[in-house]
Amino acid sequence: MIWIRKRRLQVIAALLAVLVPAGPAAAGVVQRSTGLWPDGQVRYGFGPGVTAADQAAVRLAMQSWTTAGAPVRFVRATTGPRLIILRHQSEDGANRCRATVGRSAVDRPPPRGAFERPSGVGAPPTARSFLILSGPCRHRVLVHEIGHVLGLDHEHERSDRARWLNVRRLPAPAGTGPLALAERETLWQRNYSIRLDIPASDPRAAADGVGATARLLFTRQYDPCSVMHYLEDPTHRRRGVDLAFTPAARAEARRRNCTLGGSGGRISALDVAVLARAHTTRR
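The paragraphs below set out a description of the structure included in this document. Counting restarts for each chain: residues are numbered from 1 in the order of the written sequence. Given that this is a predicted model, residues contribute local features only at a pLDDT of at least 70 and side-chain atom pairs are listed and counted only at 80 or more, while totals for whole chains, interfaces and linings are drawn from all residues. Note that the side-chain values use all heavy atoms of the structure and ignore hydrogens as well as water.

1. Digging into the packing of aromatic side chains
Here is the rule we go by: In this analysis, rings of Phe, Tyr and Trp, with Trp reduced to its six-membered ring, are considered paired at centre separations within 6.5 Å, and the interplanar angle assigns stacked below 30 degrees, edge-to-face beyond 60, and tilted for intermediate values. Residue burial is assigned from relative accessible area. The probe radius is 1.4 Å, only protein chains are included, and a residue is buried under 20% of its type maximum, exposed over 50%, and partly exposed in between. The way it works is that DSSP assigns letters per residue, a run of H or I at least four long becomes a helix, a run of E at least two long becomes a strand, and they are numbered from the N terminus.
Under the criterion given, the structure shown has 4 aromatic pairs. Residues Tyr44 and Phe46 carry aromatic rings whose centres are separated by 5.7 Å and whose planes lie at 85 degrees to one another, so their mutual orientation is edge-to-face. When sorted by exposure, Tyr44 lands in the same class as Phe46, which is buried. Between Tyr192 and Tyr230, the ring centres sit 5.5 Å apart and the planes meet at 65 degrees, which makes this aromatic pair edge-to-face. One end of the pair, Tyr192, is in the loop between α4 (178-191) and β8 (210-212); the other, Tyr230, is in the loop between β9 (216-219) and α5 (234-238), with 38 residues separating them in the sequence.

2. Side note on the sheet that holds strand β2 (residues 41-46)
For the record, the criterion: Any two strands are treated as partners once DSSP identifies two or more bridges connecting them. It only takes one pair of heavy atoms within 4.5 Å for two residues to be counted as in contact. Axes here refer to lines fitted to C-alpha atoms; in helices the fit is confined to the stretch in contact. Angles between the N-to-C directions go from 0 to 180 degrees.
A sheet is described by the order of its strands in space; here 5 strands give the open sequence β3-β2-β4-β6-β5, paired in mixed fashion. The open sheet has two free edges, formed respectively by β3 (73-76) and β5 (98-99), since each of these has just one partner strand. Set on the sheet, helix α3 (residues 139-150) makes contact with β2, β3, β4 (83-87), β5 and β6 (129-133); between it and β6 the angle comes to about 165 degrees.

3. Section: the state of the cysteines
Put simply, the rule reads: Here, two cysteine sulfur atoms that lie within 2.5 Å of each other are counted as a disulfide.
Throughout the structure, instances matching the rule amount to 2 disulfides. Between the sulfur of Cys97 and that of Cys137 lies a disulfide, 1.8 Å long from S to S. Residues Cys97 and Cys137 share a disulfide whose torsion about the S-S bond is about -85 degrees; that sign makes it left-handed. Placement of the pair is Cys97 in the loop between β4 and β5 and Cys137 in the loop between β6 and α3, with a sequence separation of 40 residues. Each member of the pair, Cys97 as well as Cys137, is classed as buried. Cysteine pairing in the protein follows 1-2, 3-4, where each cysteine in a disulfide is numbered by its order in the sequence.

4. Structural notes on unusual backbone geometry
For residues besides glycine, phi is generally negative; the peptide bonds are generally trans as well. Within the chain, Asp39 stands out as a residue other than glycine whose phi angle is a positive 60 degrees. Summarising the element assignment, Asp39 is placed in the loop between β1 (29-31) and β2. On the basis of relative accessibility, which here comes to 74%, the residue Asp39 falls in the exposed class.

5. Some details on the pattern of salt bridges
Working definition: two side chains of opposite charge can pair if their charged atoms are close together. Selection criterion: A carboxyl oxygen of Asp or Glu within 4 Å of a side-chain nitrogen of Lys or Arg is what we treat as a salt bridge.
Taken as a whole and judged by the stated rule, the model has 14 salt bridges. Note that Asp233 is salt-bridged to Arg138, the shortest N-O span being 4.0 Å. A residue pair is termed long-range when its members are at least 10 positions apart, and Asp233 in the loop between β9 and α5 and Arg138 in the loop between β6 and α3 qualify at 95 residues. Note on Arg138: relative accessible area 45%, which makes it partly exposed.

6. Observations regarding the nonpolar core
How we decide: Nonpolar core, defined: a set of buried Ala, Val, Leu, Ile, Met, Phe, Trp, Tyr and Cys residues in which side-chain atoms within 4.5 Å join the residues together.
In terms of nonpolar packing, the biggest core is built from 35 residues, with Trp65, Phe74, Leu83 and Ile85 touching the most fellow members. Listing elements by their share of this core, those giving two or more residues are β2, α2 (52-67), β4, β6, α3 and α7 (269-282). A per-element tally of this core places α3 first, with 6 residues. With near-sequence residues (within four places) excluded, Trp65 lies in contact with Ala70, Phe74, Val143, Ile146, Gly147, Leu150, Leu152, Val227, Ile267, Asp271 and Leu275. Counting residues in each nonpolar core, the second largest holds 13 residues, with Trp164, Val241, Leu243 and Ala253 among its members.

So, in structure tokens, the structure goes:
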């Protein structure tokens, strides 16, 4: 009887292994609800105001992903479902280059406040995804934002970041008005808070093993070298947050011979692996 029960459990486990999608094969997070680009083909076009220099910079960042081995192709398109790149000048001139995550199932307008035009002229475009150029977008920033377009989330918003990253909220300067305080809180919730709940690792599982929840595909190994990880940068202090990599993160970067936070736009091998597995499990 005991042998029959054991055999039955083995059969059930084998069936689950076939029926339940596996998570990505390396560090990183892809939310299950994120839309991926069919067959890895990212169709894209440029909106009004995007200069020739902007276009060259965007294409260079796209090339960084394909050169690194990501399972995607970028194809210029003027019609149909696509990614649209827009140039937006923020009122205070700040650099707020950003992107929507993954590919929407339907065409939608750009994020609120991301499309400026003379009064009564034209209308916001609709698209499956947007890349917003605001201020001088450095190469590393563009590579990071295109990672979002491809479906990747922030590495540093994983719940297991404490060993790798120290995150400290700073008090607002004296005299900060309610609008500025609200903006700081919004930035914290969207970019720095823990949003991706990674279960505690099973000590019996391999350190680089794959994990999954109903909401996330993830790996047990945190990747401080991911280009989807924020850098130690004064920009964050101006937003009211101080970020500092831990000695463990620095040791990991030395061991793997990679750069913390994908400095310079260097895409981690694990960034590419997570995309490859995500596309494999969505076929």
